Amino acid sequence: MGIRKLCNILRFFSTPNSAFLFSHFFHNTPLPHMPSSFLFSIGGSSLFSPKHPFASSSTFHSYIDVGHSCFMFGSHVHVPRYVCTYTNTPYWGSPHVASEQVSQIIALIREDVDDLGAKLNTMNVSLSEASVINIFQKLSSERVSALRFFDWLKCSNPKLCCDPDIGSLFVNNCGLLGNYEATVPILCEFNLNGVFLGMKAFGFLLDFDLDKASTMECVRKVMDVFNEVGGVYQSCGVPLLIEMFGVSGSFEIAEFVIRIAGRKVKHYHVLMRIMCKKGDCERVGDLVKEMKRSGCDVNGSTYNLLLSCLCKNGKIDEACHVFETMEKDSVLLDVHTFDIVINFLCKRHQFDLVLKLLEKMNLKGIEPRILTHAAVIKSYFESGRYEEAHKYVIGSAGKLSYSSNANYSLLATLHLKNGNVLFAHKVLSEMMDKGLKPNFSVYMKVRKCLEKGYGKDLSLELLRRYSSLIE
């Protein structure tokens, strides 16, 4: 029985190429003395395997609290909190670092002792990602430099230094202490590997309790670092800062970043999108005016953002004025421009204006998107104007055959949802008579409903039509 239990346990936990060391599977099965911990070396598990230096941190777990979790067999097993998962480090096989030792390491760094590296080496412990993160967070909260600790870590466990989360914490620590130059080498290393650290690394700019002038000076220094590092940091750093300050509500600083970066259209658009999400139409409009005053090339995408903000907030008169301004200024009206306004008008069931815009699209040679047609058809149905919806589908089929299948299939679906199975059957028959193939799932739903409520004759007729169309 003991062997059978052991096989069942291994079958439940094992993965290819896995090895387990544990103490006391059963109370009555004494084993030689081993450390009170589990030592995992798993080839096929994303949970326990060594992390690729530039893998996403969200899929990795750096420690397992075995003693207080699910791995307990017979007697209580205690495992220190920080378990190293890096099997190829010089410290593999060293004792796992405990919470008390993490506190000792922090104390040594805080004291800034001359022989820090030597003292850390004599501790002879394996640092995990979780323990290193804890150390960085504690040092940053106390405004203690982590530079010497990071230098030691690069020699003792270089893989950990390649981790984006730890790199972000190091850059954040340097920023909090104003040591911007120290961030350049680590950012260059991540830049070479195409990894962008993101807001975690530069969140220190929001943590400062500084006046506006001092904050702007810090922003300048960070942008100087971006320019020195180059690559992805030079191209993505400015949008990151704009987004970070915009989301936090520091709009003046966000606009300052745009100004010193050269007033580029794409940078304005980043801030405008944030304002749109907040529903701040006035500020979006002010940004458009500022772009015009500064000679920035206001394009169709700029106006589309403003239109979208106005429509989402129910400001139809202002939206119509912007649309007229676009036409007057010969701004290129694209499918997205019409789509924004038509969708808004459909929600208000203003079909006269919708049809005028659709006709204008036709004159300009702009084909409506399938989603635009769907908005019109659904709006007709919501207002109980089923005949107009049918006429619209027929009319669009003559002009734009590429969307006709979708329009007819949607019309049949809406009739089916309303319980009008015969109307749905009529729509599918009509479209197949025109050589249009309905959506298969819609076709099958209509057939099943016909069989249940009206016998097999109509269902078989629909089957014959569909089969002849496929052939």
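Residues numbered from 1 in each chain as written. Predicted model: local features only at pLDDT ≥ 70, side-chain atom pairs only at ≥ 80, totals over all residues. Heavy atoms only, no water.

(A) View of the overall build of the protein. Of regular secondary structure, the protein possesses 25 helices and 0 strands. In the protein, which comprises 471 residues, the proportion classed as buried is 48%. In the protein, the proportion of contacts linking residues at least 24 apart, taken out of those at least 6 apart, comes to 63%. For the protein, the computed accessible surface area is about 24,100 Å², with 53% contributed by carbon and sulfur atoms. (Helix = DSSP H or I, 4+ residues; strand = E, 2+ residues; numbered from the N terminus. Buried < 20%, exposed > 50% of the residue type's maximum accessible area, 1.4 Å probe, protein only. Contact = heavy atoms within 4.5 Å. Areas by Shrake-Rupley, 256 points an atom, 1.4 Å probe, with all protein chains shown as cover.)

(B) Molecular detail of empty space enclosed by the protein. This model, assessed by the stated rule, comprises 5 cavities of 30 Å³ or more. In this structure, the second largest cavity spans a volume of roughly 60 Å³. Every residue lining the second largest cavity is listed: Val171, Gly175, Tyr180, Thr183, Leu187, Phe202, Phe204, Val222 and Val225. Breaking the lining of the second largest cavity down by element, the ones donating at least two residues are α7 (164-176), α8 (183-192) and α11 (212-229). Considered class by class, the residues forming the lining of the second largest cavity number 7 nonpolar, 2 polar and no charged. (1 Å grid on protein atoms, 1.4 Å probe; cavity = no way out; pocket = protein on both sides within 12 Å on 5 of 7 lines; lining within 4 Å. Points joined across faces, edges and corners; volume = space filled by probe spheres on them. Nonpolar A, V, L, I, M, F, W, Y, C, P; charged D, E, K, R; others polar.)

(C) Layout of the packing of aromatic side chains. In this structure the tally under the stated criterion is 16 aromatic pairs. Considering the side-chain rings of tyrosine 380 and tyrosine 392, the 6.5 Å spacing of their centres and the 50 degrees angle between planes classify their relative orientation as tilted. With tyrosine 380 in helix α20 (residues 370-382) and tyrosine 392 in helix α21 (residues 386-399), this pair connects stretches of sequence that are 12 residues apart. Accessibility classification places tyrosine 380 together with tyrosine 392 in one group, the buried group. Every member of this aromatic cluster is reached through a ring pair, and the members are Phe136, Phe149, Phe150, Trp152 and Phe170. (Phe/Tyr/Trp six-rings, centres within 6.5 Å; stacked < 30°, edge-to-face > 60°.)

(D) Structural context of the UniProt feature "repeat: PPR" (unreviewed entry) in the protein. Within the UniProt annotation, "repeat: PPR" (unreviewed entry) is assigned to residues 264-298, 299-333, 334-368 and 404-438. Annotation note: span residues 299-333, helix share 74%, strand share 0%, distance between end C-alpha atoms 10 Å. Span residues 404-438 is 77% helix and 0% strand, its end C-alpha atoms 9 Å apart. (UniProt positions renumbered as here; feature names shortened; annotations may be inferred.)

(E) The pattern of salt bridges, seen in detail. Tallied over the full model, the rule gives 15 salt bridges. One salt bridge in this structure joins glutamate 142 and lysine 138, with 3.5 Å as the shortest N-O distance. Across the pair arginine 263 and glutamate 290 runs a salt bridge whose closest N-O atoms are separated by 3.1 Å. Linking arginine 263 in the loop between α13 (251-260) and α14 (265-278) with glutamate 290 in helix α15 (residues 281-293), this pair joins segments that are 27 residues apart in sequence. Sharing partners across several salt bridges, the network here consists of Arg110, Lys138 and Glu142. (Salt bridge = Lys/Arg side-chain N within 4 Å of Asp/Glu carboxyl O.)

(F) Examining the nonpolar core more closely. Ranked by size, the top nonpolar core spans 135 residues in total, and within it Phe149, Phe202 and Leu241 carry the most contacts. The element best represented in this core is α11, accounting for 8 residues. If near-sequence neighbours (up to four positions away) are discounted, phenylalanine 149 is found in contact with Ile105, Ile109, Leu116, Leu120, Leu127, Val132, Ile135 and Phe136. (Core = buried A, V, L, I, M, F, W, Y, C linked by side-chain atoms within 4.5 Å.)

(G) Focus on a negative patch on the surface. Taken together, Glu181, Glu217, Asp224 and Glu228 make up a surface patch of like negative charges. Classification of glutamate 181 as exposed rests on a relative accessible area of 53%. (Patch = residues over 30% accessible without salt bridge, like charges linked within 9 Å, V, L, I, M, F, W, Y side chains within 5 Å. Lys, Arg positive; Asp, Glu negative; His and termini not counted. Charge placed at Lys NZ, Arg CZ, Asp CG, Glu CD.)

(H) Region of the structure containing helix α5 (residues 147-156). By the burial criterion, the buried members of α5 are Phe149, Phe150, Trp152, Leu153 and Ser156. The buried residues of α5 all sit within an arc of 160 degrees when viewed along its axis, so they share a single face. At its buried positions, α5 is contacted by α2 (99-111), α3 (116-123), α4 (129-141), α6 (158-161), α7 and α8. (Arc of directions from axis to C-beta.)

(I) View of the environment of valine 229. Checked against the element boundaries, valine 229 lands in helix α11. Accessibility expressed as a relative area gives 10% for valine 229, which makes it buried. Sequence spacing of valine 229 and leucine 187 is 42 residues, and the spatial spacing of their C-alpha atoms is 6.7 Å. In this view, valine 229 contacts Val184, Leu187, Cys188 and Asn191; residues no more than four positions away in its chain are not counted.

(J) Inspection of α7 at higher detail. Along its 13 residues, α7 runs 18 Å from first to last C-alpha, staying within 8% of the 18 Å computed at 1.5 Å per residue. With 13 of its 13 residues buried, α7 lies for the most part within the structure. The N-terminus of α7 is capped by aspartate 163, whose side-chain oxygen sits 2.9 Å from the backbone nitrogen of aspartate 165. Of the residues trailing α7, glycine 178 is marked for its positive phi of about 75 degrees. (Expected span 1.5 Å × (residues − 1). Polar contact = N/O pair within 3.5 Å; in protein donor to acceptor, adjacent residues only side chain to side chain.)

(K) Region of the structure containing unusual backbone geometry. Located in the positive-phi region is arginine 263, a residue other than glycine, with phi close to 50 degrees. Judged by its relative accessible area of 28%, arginine 263 is partly exposed. Within the chain, histidine 349 stands out as a residue other than glycine whose phi angle is a positive 55 degrees. Within the secondary structure layout, histidine 349 lies in the loop between α18 (335-347) and α19 (351-364).

(L) Focus on the confidence of the model for the protein. Mean pLDDT over the protein: 81, with 79% of residues reaching 70 or higher. By mean pLDDT, the top-scoring element of the protein is α14 (96), and the lowest-scoring one is helix α1 (residues 2-13) (43). Counted against residues more than four places away or in other chains, residues 1-93, with its pLDDT under 50, gives 135 contacts. (pLDDT = per-residue confidence, 0-100.)

(M) Geometry of the packing of helix α24 (residues 440-454) against helix α25 (residues 456-470). At a closest axis distance of 7 Å, the pairing of α24 and α25 adopts a crossing angle of 155 degrees. With respect to each other, α24 and α25 are oriented roughly antiparallel. Of the residues in α25, those in contact with Phe440, Tyr443, Val446, Arg447, Leu450, Glu451 and Tyr454 of α24 are Lys456, Leu458, Ser459, Leu462, Leu463 and Tyr466. Of the residues contributing to the contact of α24 with α25, the split by class is 9 nonpolar, 1 polar and 3 charged. (Axes fitted to C-alpha atoms, helices over the stretch in contact; angles between N-to-C directions. Parallel < 35°, antiparallel > 145°, perpendicular 65-115°, else oblique.)

(N) Expanded view of the environment of methionine 199. Within the element layout of this structure, methionine 199 appears in helix α9 (residues 199-202). Sequence-wise, methionine 199 and leucine 241 are 42 residues apart; in three dimensions their C-alpha atoms are separated by 8.0 Å. Those residues in contact with methionine 199 that lie beyond four places of it in its chain are Leu240, Glu243 and Met244.

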